[in-house]
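Summary of the model geometry
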Amino acid sequence: MSSPDPQVRAARNKSDRPSPDHHPSTTALRAGRMPAARGPVVAVTGAASGVGALLTGRLAASEEVKRVVAIDERRGECTEAQWHILDVRDPAIADKLRGADAVVHLALDLDLETDAAARTAYNVRGTQTVLTAAAAAGVHRVVLCTSTMVYGALPDNELPLSEDAELRATAEATGVGDLLEIERLARRAPRAHPGLNVTVVRPAVLVGGTDTALTRYFESPRLLVVAGSRPAWQFCHVDDLCSALEYAVLEKVDGELAVGCDGWLEQEEVEELSGIRRMELPSAVALGAAARLHRIGLTPSPAGDLAYTMYPWVVSGSRLHDAGWRPAYTNEEVLAELLEEVSGRHTVAGRRLGRKDATAAGAAGATVALLGAAAVVRRARKTRRRI
């Protein structure tokens, strides 16, 4: 493993450099072979699916990356990567990371349907293990991925927020508690493991084969708007997230990075672009119904998810911009792709409906569907009282 200090590496490479006649690349060219890439060896966890699979393929095709080590509980489709099949919580992962210069940790479970305690155990323990294993293996850089949700959606948020803004989110929304803990681990890791560089990438509302409470918002027959709120929407295409992660891996940018489209869309613009009309409810009604439905298990989304559709949490993304990175997509383009993805799906209060329920909901409208959900809550209460 080469030294983690770039200056030490440069000095060592200079002193050990062979003469031009015996340089490996010269020999390879004379033999009709292309020299191997001289960039970093990069390990990716969660490499078999989702963002991990996209990034693995991207890095494997990059001329700036020497080799990709792919880690997951199953083998993915990228044949150019070197695969290791194991759970990221297994301490044996340290052996698989030896020789890597950087690790991108993407093995996170943010599935709406996963048991919350099991999800937290996987996400937090997995991140702890990867950070410790990377330090033990002599890895120089670890890149973690959370979300701009960690800033919190609050009525007094600036538009846009600075990347250095305080993380004011609470653990009341799906998976946000896990992401906040990952952020804390990221801050502590360099102190616990001197020489380990940790970069955190925070995407906005992620679109491109994703299923979250925020993408399901656009599956509703009406867009729920809480009276008196001022939503602002900023999206991030998965391709843009992967290019930002690659920037971090190649050490083109450091620190805590927000990634997303430039600017944002107001709620009125979203409604005009989507063609979906709004359903406006008083705050007490909307939050109360969401809390009750989640408490009795009818919906996967806790009431805390609603805050992210009520108040702004747009971030500037200045660090990536200063490093020369630019998003390939606009908010309008990503919203159009999202609407195409969710076409044919029907969700009310965060719960995806079957075809029969969806037909009824579409005919009756979102208001009737919400009233029906409230009736279910009342029936469930009566049943519990009788028992």
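The structure reproduced in this document is the subject of the present report. (Residues numbered from 1 in each chain as written. Predicted model: local features only at pLDDT ≥ 70, side-chain atom pairs only at ≥ 80, totals over all residues. Heavy atoms only, no water.)

As for the nonpolar core
For the record, the criterion: For the purposes of this section, nonpolar cores are sets of buried Ala, Val, Leu, Ile, Met, Phe, Trp, Tyr and Cys residues that join through side-chain atoms within 4.5 Å. Remark: exposure states derive from per-residue accessible area (1.4 Å probe, protein chains only) relative to the maximum for the residue type, with buried under 20%, exposed over 50%, and partly exposed in between. The numbering of helices and of strands both runs from the N terminus, where a helix is a DSSP run of H or I of at least 4 residues and a strand a run of E of at least 2. Contacts are residue-level and defined by heavy atoms, with any inter-residue pair within 4.5 Å sufficient.
Among the nonpolar cores identified, the biggest contains 69 residues, and I93, L97, F218, W233, F235 and Y308 are the most heavily contacted of them. Considering each element in turn, this core owes the most residues, seven residues, to helix α6 (residues 176–192). With residues near it in sequence (within four places) discarded, Y308 still touches M149, G152, A153, A169, A173, V176, L214 and W313. If you look at the next biggest cluster of nonpolar residues, it comprises 36 residues, including A70, A204, L241 and V259.

Details of unusual backbone geometry
Residue L159 is joined to P160 through a cis peptide bond whose omega torsion reads -5 degrees. Relative to the assigned elements, P160 resides in the loop between β5 (141–145) and α6.

Digging into the packing of helix α9 (residues 267–274) against helix α12 (residues 331–342)
Defined as follows: Angles run from 0 to 180 degrees between N-to-C directions of axes, and those axes are lines fitted to C-alpha atoms, restricted for helices to the stretch in contact. Roughly parallel here means an angle under 35 degrees, roughly antiparallel means over 145, roughly perpendicular means 65 to 115, and every remaining angle is called oblique. Crossing handedness is defined as follows: a turn of the near helix away from the far one that is anticlockwise and smaller than a right angle gives a left-handed crossing, while the clockwise case is right-handed. Three classes are used: nonpolar for Ala, Val, Leu, Ile, Met, Phe, Trp, Tyr, Cys and Pro, charged for Asp, Glu, Lys and Arg, and polar for all others, with Gly counted as polar.
At a closest axis distance of 11 Å, the pairing of α9 and α12 adopts a crossing angle of 50 degrees. In terms of their interaxial angle, α9 and α12 are classed as oblique. Here the hand of the crossing between α9 and α12 comes out right-handed. In this structure, α9 contributes V270, L273 and S274 to the contact, and α12 contributes E332, L335 and L339. Taken together, the residues that form the contact of α9 with α12 break down as four nonpolar, one polar and one charged.

Overview of the state of the cysteines
Let me state the cut-off plainly: Defined by distance alone, a disulfide is two cysteine sulfur atoms within 2.5 Å.
Evaluation of the coordinates by the stated rule reveals zero disulfides. For the unlinked cysteine C145, the closest cysteine sulfur is that of C236, found at 8.3 Å. For C145, a relative accessible area of 9% puts it in the buried group.

Re the pattern of salt bridges
Applied cut-off: In what follows, salt bridge is the name for a side-chain nitrogen of Lys or Arg lying within 4 Å of a carboxyl oxygen of Asp or Glu.
Here the structure, examined in full by the defined rule, presents 17 salt bridges. Between K252 and E64 there is a salt bridge whose closest N-O contact spans 3.5 Å. A residue pair is termed long-range when its members are at least 10 positions apart, and K252 in the loop between α8 (238–249) and β11 (256–259) and E64 in the loop between α3 (50–61) and β2 (67–72) qualify at 188 residues. The salt bridge involving D87 is made with R89; its shortest N-O contact spans 2.8 Å. Among the residues examined, D87 registers a relative accessible area of 19% and is labelled buried. Through salt bridges that share partners, E268, E271, R278 and E280 make up one connected network.

Here's the deal with the packing of aromatic side chains
Convention followed: Stacked, edge-to-face and tilted labels apply to pairs of Phe, Tyr and Trp rings (six-membered ring for Trp) whose centres lie within 6.5 Å, assigned for plane angles under 30 degrees, over 60, and everything in between, in that order. Charge-over-ring contacts are defined here by two conditions on Lys NZ or Arg CZ: a distance within 6 Å of the ring centre and an angle within 35 degrees of the ring normal.
Per the stated rule, a full pass over the model turns up six aromatic pairs. The interplanar angle of 55 degrees and the centroid separation of 6.1 Å between the aromatic rings of F218 and F235 together place this pair among those described as tilted. One end of the pair, F218, is in the loop between α7 (213–216) and β8 (223–226); the other, F235, is in strand β10 (residues 235–237), with 17 residues separating them in the sequence. Each of the two residues, F218 as well as F235, counts as buried. One aromatic cluster in this structure is built from Y217, F218, W233 and F235. Above the ring of Y247, the side-chain terminus of K252 is found at 5.0 Å from the ring centroid.

Notes on the sheet that holds strand β4 (residues 102–105)
Using the following cut-off: For two strands to count as paired, DSSP must find a minimum of two bridges between them.
With parallel pairing, seven strands are arranged side by side in an open sheet as β3-β2-β1-β4-β5-β6-β11. At either margin of the open sheet sits one strand with a lone partner, and together these are β3 (82–85) and β11. Within the sheet, the average angular offset between the axes of one strand and its neighbour, ignoring direction, is 20 degrees. Packing of α6 onto the sheet brings it into contact with β5, β6 (197–203) and β11, and relative to β6 it is tilted by some 160 degrees. Along the sheet, α8 makes contact with β1 (41–45), β4, β5, β6 and β11, crossing β5 at roughly 160 degrees.

Observations concerning a negative patch on the surface
Applicable threshold: To count toward a patch, a residue needs a relative accessible area above 30% and no salt bridge. Like charges then connect within 9 Å, nonpolar side chains (Val, Leu, Ile, Met, Phe, Trp, Tyr) within 5 Å. Only the protein chains shown count as cover for residues, and the accessible areas themselves come from Shrake-Rupley with a 1.4 Å probe. Note on charges: Lys and Arg go in the positive column, Asp and Glu in the negative column, and His and the chain ends are not counted at all. To locate a charge, take NZ of a lysine, CZ of an arginine, CG of an aspartate or CD of a glutamate.
On the surface, E266, E269, E272, E332 and E333 cluster together to form a negatively charged patch. For the negative patch, the elements supplying multiple residues, two or more each, are α9 and α12. In this fold, E266 is placed in strand β12 (residues 265–266). Judged by its relative accessible area of 33%, E266 is partly exposed.

Remarks on the packing of α3 against α8
It is at 10 Å that the axes of α3 and α8 come closest, and there the two elements cross at 55 degrees. Of the possible angle classes, the one that applies to α3 and α8 is oblique. Crossing handedness for the pair α3 and α8: right-handed. Residue-level contacts link V51, L54, L55, R58 and L59 of α3 to V238, D239, L241, C242, S243, L245 and E246 of α8. For the contact of α3 with α8, the per-class residue count stands at eight nonpolar, one polar and three charged.

What to know about the pairing of β2
Within β2, five of the six residues are buried, which leaves the element mostly enclosed by the surrounding structure. In this sheet, β2 lies alongside β1 in parallel orientation, the contact comprising five bridges. Residue pairing for β2: V41 is matched across the bridge by R67. Strand direction decides the pairing type here: β2 and β3, joined by four bridges, are parallel. Note that in β3 the partner of D72 across the bridge is I85.

Comments concerning the environment of L320
Note on placement: L320 falls in helix α11 (residues 318–322). The spacing of L320 and K252 is 68 residues in sequence and 8.8 Å in space, taken between C-alpha atoms. Contacts of L320, omitting those with residues within four sequence positions, involve A244, Y247, V253, L257, A258, V259 and W325.

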